[in-house]
Each structure stands twice: as structure tokens, then as C-alpha cells.
Protein chains: 2
Amino acid sequence: MKTIMEQQETTKTGVASGERDKVHVFAPATVANMVCGFDVLGFALHEPGDEVVIRRAGEPGVRLVNITGDEGRLPREVSRNTVSASVISFLQYIGRCDIGIEIELHKHMPIGSGLGSSAASTVAGLYAVNKLLGSPLSRRELLPFAMEGEELACGHGHADNVAPALLGGITLIRGYNPLDVVALPAPPALHASVVFPHVDVPTRDARQMIRTKVALQDAVTQWGNVAGLVAGLFRNDYELIGRSMQDVLIEPTRAILIPEFYEMRRLAIDAGALSFGISGSGPSVFAFAQNAEQANGITSVIQAHLTAQGIGSHGYMSKINMEGPKEITNKHAVI
Amino acid sequence: MKTIMEQQETTKTGVASGERDKVHVFAPATVANMVCGFDVLGFALHEPGDEVVIRRAGEPGVRLVNITGDEGRLPREVSRNTVSASVISFLQYIGRCDIGIEIELHKHMPIGSGLGSSAASTVAGLYAVNKLLGSPLSRRELLPFAMEGEELACGHGHADNVAPALLGGITLIRGYNPLDVVALPAPPALHASVVFPHVDVPTRDARQMIRTKVALQDAVTQWGNVAGLVAGLFRNDYELIGRSMQDVLIEPTRAILIPEFYEMRRLAIDAGALSFGISGSGPSVFAFAQNAEQANGITSVIQAHLTAQGIGSHGYMSKINMEGPKEITNKHAVI
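Computed from a prediction, not measured in an experiment: that's the story for all the values here.

Before we move on, can you summarise the UniProt feature "binding site: ATP" (unreviewed entry) in chain A with the specific residues and values?
Residues and elements named next belong to chain A. When the UniProt feature table is mapped onto this chain numbering, "binding site: ATP" (unreviewed entry) sits at Pro110, Ile111, Gly112, Ser113, Gly114, Leu115, Gly116, Ser117, Ser118, Ala119 and Ala120. On the secondary structure map, Ala119 appears in helix α3 (residues 117–132). A relative accessible area of 0% places Ala119 in the buried class. If we skip the residues at most four places from it in the chain, Ala119 touches Glu150, Asn161, Val162 and Ala165. In this structure, Ala120 sits in helix α3. The class for Ala120 is buried, based on a relative accessible area of 0%.

Structure below.
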């Protein structure tokens, strides 16, 4: 095995000490809102997720050299693609616009699914470029750049997907002025069943349907539930987690856009789910269960129901991903 | 010392096994809302509080035989006084309307202070009568009767004062349908400074001023803070507790009714307070600090300021009271 010194010697000319010439990263899908915590709570999955390969290039500037898995839906212009645009912001911030960067983005998750697709891509890119340059910033310091990417992708710079994608685990965005992200504990037996029904619910439309004024009484119900969920996570109290995950404000509106929503809920609860709700702005739905078998069972029963209705779907099962993005070293890059 | 058997033998005729002929109880004042948790959070103080003495009497029925410390402000009719009315509900529920009960209420805290005055009296009475009859109900089972008392006193049967008064500590009312009360941990160094300025803010008026519709954006800010506060309590993270205790929804309206509110806040924060806000519907205010000296200092500086403005006040300092109501055995009842 080579020592760090030897590795540094083999990198090509122009790469400073601690820097690398290629980094390949996976970043995970995320479930925002967690039913009762609209715009403040989210958690990371083990699958699906996106991969980004970042390479040093001789010629200065940031280039998108390959995008796969998006069926041509993502922008190829570096200023409009969330991965390249956030990498450029990062390089400007650290004063390294002089270098050359080539980006490959390999999407392994559906776009417009409500599973934080743009967040996974953006976080993978930022985590990779930061590693490439010897980690000048901490993970938490990458968050504002990831939020810029969200602004570009969704029209709002929220952190409820990028925070768990970047930091892993369950995250609370306590506030934005200043940004205050609190890591919450994840009970060890918690498993998520996730189903993406193949219907189109653009994030912008889903947000625009939500009323900007709500009844104080409903807001009180909601923050009672948010408090109960946080307490349940700290206590490993699965029953409390389950009964706290109710949404009286957003779900009644968003569920209209998701076919079979209430039938999927009934099937999930009958199959032993602690809770069921919309992932982000949908159309993906998710359920919490207390073990892998139960979570797999919930995914299967929901997918079977959708199939019977003529609706295709992707299904996943995952524990809470405590790690967030990770470097891929045991695998060849596509290019 | 007498054995339990001997004590039972000395009680007067008609008192069944496990029952007693007199119980004297203290129940504490409480701070509802905890700034960001309107209608869902509250905690108990060690002082002030109210005392209730309950005695068996020969003649059936519930009688209020003495009320002190209320300056004649509380109803003397058993059906309108919260203590006697909730005791009657309790007796009806357990099927003991045949017995005779005499109630003394000794108020040691101001009425209309926003410190849960009616809750302290009601909880003391219920805890005492339950003990008197050999504790047929658990503490939690007494909660609905205490909520009935709040309905009578304040026009709304909320549990945000009665739950911490009855159970002690910091409580979350996660929801009302069904009633779900969650005990939250209290960081050991947390001390409360409490000041009651002698101005009149009736609870009913304070509630009626609050808008029934709120901006979703403000509600999101609020439940981000509620989640942060709960996480801070579990983590003993005093900084997180402090920065989470902000209220963008209710305080701006209620503070109008409290003279010197913003100046009291400035003084508290300058004196090292983690947080500052309204207790319940006011006019009492409270601050959290990390030790007794700091909390005492905050109480003093606020009271001195009020005095300089010609406003009288009561001041208190207390750790979180984890015990709730307690029987008083080392003290003579007034009658």
C-alpha cells in the first residue's frame, strides 16, 4: 500500500499537496418534511442516490462532460445545471477559479420524484470538489452552496433536502437567519419504505397549491406533533414517533395530486407502518416501520396496488443513512 | 411511629381502608407556552403555588369552608369555584358523591398573573381529594378533571398549565384527540427567573387579541423553534434552548398589553438570560438562566426597573419543579 507521500508524488503536475486529481462520490436521496415538519425536517436514505465524478483538467474552467440517467431532462449549461453552478460558487468562494474541473453526473434516481433528486446531485458534486481540493471547507460549510443549487433547481433555497443529503441522518432546520441545522438522533430500528409512483407533480406547482395563511389552531396541532416527533426520536419511542407524524396543514392539499394516496396509506398502516405520508412535495410516499421485513412488506403491497391501478412505480427500503455522501473507491467511473 | 394499620384504626368511623380524613397539598405555579410552544409546552416552578386542605365531613356533599389570599375575587359557590367544581366531577366519576368533603383553599400566588393560578388551585384540590380516598386514580387520570377546572376558570379547557402543575417538570401536550401528554427532560442547570408586574391582563382578553389566521411562513418558523427547543432539552444544549425560544406569532400581539416588555427583555438578556418571554398570556414574564445567581440577578434587575417606572411586582426564582404537587405534612393547616 502506498503512503500518503507516495500518493501525492504520483499526482500530475499542478496539483497542490493534499489535492487529488479525481474524486467519485455518491450522495443519497432524502425525505423532506417527515409529515409534520414541513420545511424543517428531513432524513437521508441509503438508496437511491446520485453519483458525481470530479476530475482535474489542464484548461481552467468548469465543464459538464457527461450526464447519464436523466433522459436528457437536466440543463447542460454549466450556469444552469445545479451541480456545475454550485461547484462554480464554491470555487469562487475559496478563490480557485483558476483551476480546471470536469464533472460527470450519473443520476441513479428519478427526477421530480420528491426524493431530493437535485439535492443528491448538488451535494455529491460539492462533496467531491471539496475532497478534490484537500477539503478546504467542512461539510457544514458546504451547505450554503448546496442551498444555492436548490434555489436554481426548485426556485427556493430551502435546506430540508440538502441538509440531510450532506450531513446524513435526520436533520432539523431550526431557522434560516442565521442558518441553524440541528442533527437529530435516529432510533436504530427505524426503517423507511419509499415508493415513487410514476406520476408527475412538479415541485413548483405543489408549493403553489399550499395556502399562505393557515388557521392558528391547525398550526398549534402541527407544532405539537413536531415536538412529539423530536421527543420520540430522542426516546426511541416508536409509538410516539408514529402518532406524531400527522399533517393537518399541507397533506390535505398535496394528497390531491397523488393518485391512490389514501388507499396507499391504508395499505401501509394495515401492513404495520408506524406512519405514512408524502416525501417532500411528492409524488413519492414513505412509511416508517420498525424492521426491514415490515418495511419491505409495505413497499411491496403499495407497489402491487399501484400496478393493479396501471401506475408504474419505483420502490425502496432503507434504514436512516447516518453517513450522507460517501466516496466511491471500489468501483470504476463510467468514463 | 405508628404503622399504617394503626393510622387506619385512628381515623374516624366511615373512612374505608386506605382512606384518610385530612390531606394538605401544595401545587405549583406553571409557565405555559415557553415562548415558542403556544398551547403545547409548559413547566412547573417551585414557587409560588397554592395550598388546599381537604377534610372528610359527616354530612354528605362538597363545601368550600375557607378561601384565603384571593382578596375575595374567587367564586364561593361550589359549582363555580374551580377547586370544588373539579372535586365534584372527580367524586361523580369514581362514584363517591355520598361522602362529605370540606375544602380550604389558601392562595399564595397572584390571580390573573399568567402563572397558572387556577391550575395550581385545581391541581392541589384534585391531588388532595384523590389521596384522601386512597388514590383511586393515577396522576395522569386526574388530568381531565383539572382541564374541566380550566374550562370553568378561563373559558378554554387547555392543559398547558394543569399538565405541568399535576405531573411536574416540562410537559408537552402533543394533542388533544386523544389527550397525549409527553414528559420532556429538564436540563439540570436550568433556572427560571419570573416577574409578575402588577398590571391587569385578563386571560380571555389576551386570547381574543390573537389572530385566528397566521402566515404559513411564520408557523414554519415557530415549529422549527419548537423542534429546536425540544432537542435542546434532551441534549442539555443551553445555547440551542436559548436561540429556539423565540415567538414570531403570539408575542408581538401580547407584548402590547405588558408595559416595559421590550425593556425587560433587554435587561434580562444583558444580565445573561438564555431566553425571555411571556408566561402564559401574561402579564408575568420569565427568563431562563444557567444558574441560581444569574436567575436571581435577572429577577432583581427587572423588578428594580419596574419599581423605577412606578410599577409594583412580585419576583421569583426557581429551578424546574420535577415533583409537581406535594403533600404538606410538617405544617399546621390554617383551620
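Which residues make up helix α11 (residues 292–308) of chain B, and what values do they have?
Because an α-helix packs 3.6 residues into every turn, residues spaced three or four apart end up facing the same way. All names here are of chain B. In this model α11 runs 24 Å from its N-terminal to its C-terminal C-alpha over 17 residues, within 8% of the 24 Å that 1.5 Å per residue would give. Turning to α11, its buried residues are Ala295, Ile298, Thr299, Ile302, His305 and Leu306. The buried side chains of α11 occupy one side of the element, clustering within an arc of 135 degrees when seen end-on. Turned more than 90 degrees away from the buried face of α11, the exposed residues are Glu293, Thr307 and Ala308. Contacts made by the buried residues of α11 are with β7 (191–197), α10 (261–270), β9 (275–278), β10 (285–289) and β11 (313–319). The backbone nitrogen of Glu293 has a side-chain oxygen 3.2 Å away, supplied by the residue at the start of α11, namely Asn291. Just downstream of α11 lies Gly310, where phi reads positive at about 75 degrees.

Could you give me a rundown of the sheet that holds β7(B), with the residues and numbers involved?
Residue and element names in this part refer to chain B. Strand order in this open sheet of 4 strands is β9-β10-β7-β11, and the pairing throughout is antiparallel. Here the strands that pair on one side only, and so sit at the sheet edges, are β9 and β11. Pairwise comparison of adjacent strand axes, ignoring direction, gives a mean angle of 15 degrees for this sheet. In this structure, β7 lies alongside β10, joined through 5 bridges in antiparallel fashion.

Lay out the interface of chain B and chain A in plain terms, naming residues and giving numbers.
Listed as interface residues are 40 residues of chain B and, on the opposing side, 40 residues of chain A. Contact between chain B and chain A buries roughly 2900 Å² in total, counting both sides, with carbon and sulfur atoms accounting for 68%. Between the two partners, chain B and chain A, sit 2 salt bridges. Among the salt bridges present, the one from B:Arg243 reaches A:Asp180, with a minimum N-O distance of 2.5 Å. Connecting chain B to chain A are 13 residue pairs in polar contact (both at pLDDT 80 or more). When residues of the side of chain B that touches chain A are traced back to their parent elements, those giving at least two are β5 (170–176), β6 (179–184), β8 (213–215), α7 (216–235) and α8 (238–244) of chain B. Here the side of chain B that touches chain A takes 15 residues from α7(B), the largest share from any one element. Here the residues of the side of chain B that touches chain A sort into 24 nonpolar, 9 polar and 7 charged. Bridging between strand β8 (residues 213–215) of chain A and β8(B) involves 3 bridges; their strand directions are antiparallel.

Describe the side chain of A:Asp50, with residues and values.
Residue and element names in this part refer to chain A. Assignment of secondary structure puts Asp50 in strand β2 (residues 41–57). Given the relative accessible area of 0%, Asp50 is considered buried. A distance of 2.2 Å separates polar atoms of two side chains, one belonging to Asp50 and the other to Lys107. A polar contact is formed between the side chain of Asp50 and the side chain of Ser121, at a distance of 2.6 Å.

How would you explain the domain arrangement of chain A if you had to name every residue and give the values?
It is common to give the size of an interface as the accessible area that goes away when the parts come together. Residue and element names in this part refer to chain A. Along its sequence, chain A is organised into domain 1 (4–183) and domain 2 (185–319). Put simply, the middle of domain 1 and the middle of domain 2, counted by C-alpha atoms, are 26 Å apart. Facing 30 residues of domain 1, the contacting portion of domain 2 comprises 36 residues. In this assembly, domain 1 packs against domain 2 so that about 2500 Å² is buried in total across both faces, 65% of it on carbon and sulfur atoms. Between the two partners, domain 1 and domain 2, sit 0 salt bridges.

Explain the relation of the copies chain B and chain A to me, and be specific about the residues and the numbers.
One copy of the chain maps onto the second through a rotation around an axis plus a translation along that axis. Superposition record for chain B on chain A: RMSD 0.0 Å, screw rotation 180 degrees, translation along axis 0.0 Å. Read as a symmetry element, the transformation amounts to a two-fold axis. The share of interface residues of chain B whose copies in chain A are also at the interface is 100%, consistent with both copies meeting through the same surface.

Before we move on, can you summarise the side chain of B:Ser118 with the specific residues and values?
Looking at the element boundaries, B:Ser118 is found in helix α3 (residues 117–132). Other than its neighbours up to four places away in sequence, B:Ser118 contacts B:Thr82, B:Glu150, B:Ala153 and B:Cys154.

Describe the packing of aromatic side chains, listing the residues and the values that go with them.
Residues and elements named next belong to chain A. Going through the model one piece at a time under the given rule, you end up with 15 aromatic pairs over all chains. Residues Phe90 and Phe145 carry aromatic rings whose centres are separated by 6.0 Å and whose planes lie at 85 degrees to one another, so their mutual orientation is edge-to-face. Of this pair, Phe90 sits in helix α2 (residues 82–94) while Phe145 sits in helix α4 (residues 139–154), and the two are 55 residues apart along the sequence. Accessibility expressed as a relative area gives 7% for Phe145, which makes it buried. With 5.3 Å between their ring centres and 50 degrees between their planes, Phe261 and Phe276 make a pair best called tilted. Remark: Phe276 occurs in strand β9 (residues 275–278) and Phe261 occurs in helix α10 (residues 261–270); sequence separation between them is 15 residues. A relative accessible area of 2% places Phe276 in the buried class. An aromatic cluster is defined as three or more aromatic residues linked by ring pairs; in this entry it consists of Phe43, Phe286 and Phe288.

Account for the packing of helix α2 (residues 82–94) of chain B against α3(B), naming residues and giving values.
Residues and elements named next belong to chain B. Interaxial distance between α2 and α3 falls to 8 Å at its minimum, and their mutual angle equals 35 degrees. α3 is crossed by α2, and the crossing has right-handed handedness. On α3, the residues touching Thr82, Val83, Ser86, Val87, Phe90 and Leu91 of α2 are Ser118, Ser121, Thr122, Gly125, Leu126, Val129 and Asn130. Across the contact of α2 with α3, the residue classes break down as 6 nonpolar, 7 polar and no charged.

So what about the sheet that holds strand β10 (residues 285–289) of chain A? Which residues, and what values?
All names here are of chain A. As summarised here, the arrangement of the 4 strands in space is β9-β10-β7-β11, forming an open sheet in which the pairing is antiparallel. Since the sheet does not close on itself, it has two edges, and those belong to β9 and β11 (313–319), each with one partner. Across this sheet, the average inter-strand angle for adjacent strands is 15 degrees, counted without regard to direction. Set on the sheet, α10 makes contact with β7 (191–197), β9 and β10; between it and β9 the angle comes to about 155 degrees.

About the criteria used
Residues numbered from 1 in each chain as written. Chains lettered and ligands numbered in written order. Predicted model: local features only at pLDDT ≥ 70, side-chain atom pairs only at ≥ 80, totals over all residues. Heavy atoms only, no water. UniProt positions renumbered as here; feature names shortened; annotations may be inferred. Helix = DSSP H or I, 4+ residues; strand = E, 2+ residues; numbered from the N terminus. Buried < 20%, exposed > 50% of the residue type's maximum accessible area, 1.4 Å probe, protein only. Contact = heavy atoms within 4.5 Å. Expected span 1.5 Å × (residues − 1). Arc of directions from axis to C-beta. Polar contact = N/O pair within 3.5 Å; in protein donor to acceptor, adjacent residues only side chain to side chain. Pairing = 2+ DSSP bridges. Axes fitted to C-alpha atoms, helices over the stretch in contact; angles between N-to-C directions. Buried area = accessible area lost by both parts, 1.4 Å probe. Salt bridge = Lys/Arg side-chain N within 4 Å of Asp/Glu carboxyl O. Nonpolar A, V, L, I, M, F, W, Y, C, P; charged D, E, K, R; others polar. Domains from an automatic or database assignment. Least-squares fit on C-alpha atoms with pLDDT ≥ 70 in both. Phe/Tyr/Trp six-rings, centres within 6.5 Å; stacked < 30°, edge-to-face > 60°. Left-handed = near helix turned anticlockwise from the far one by under 90°.

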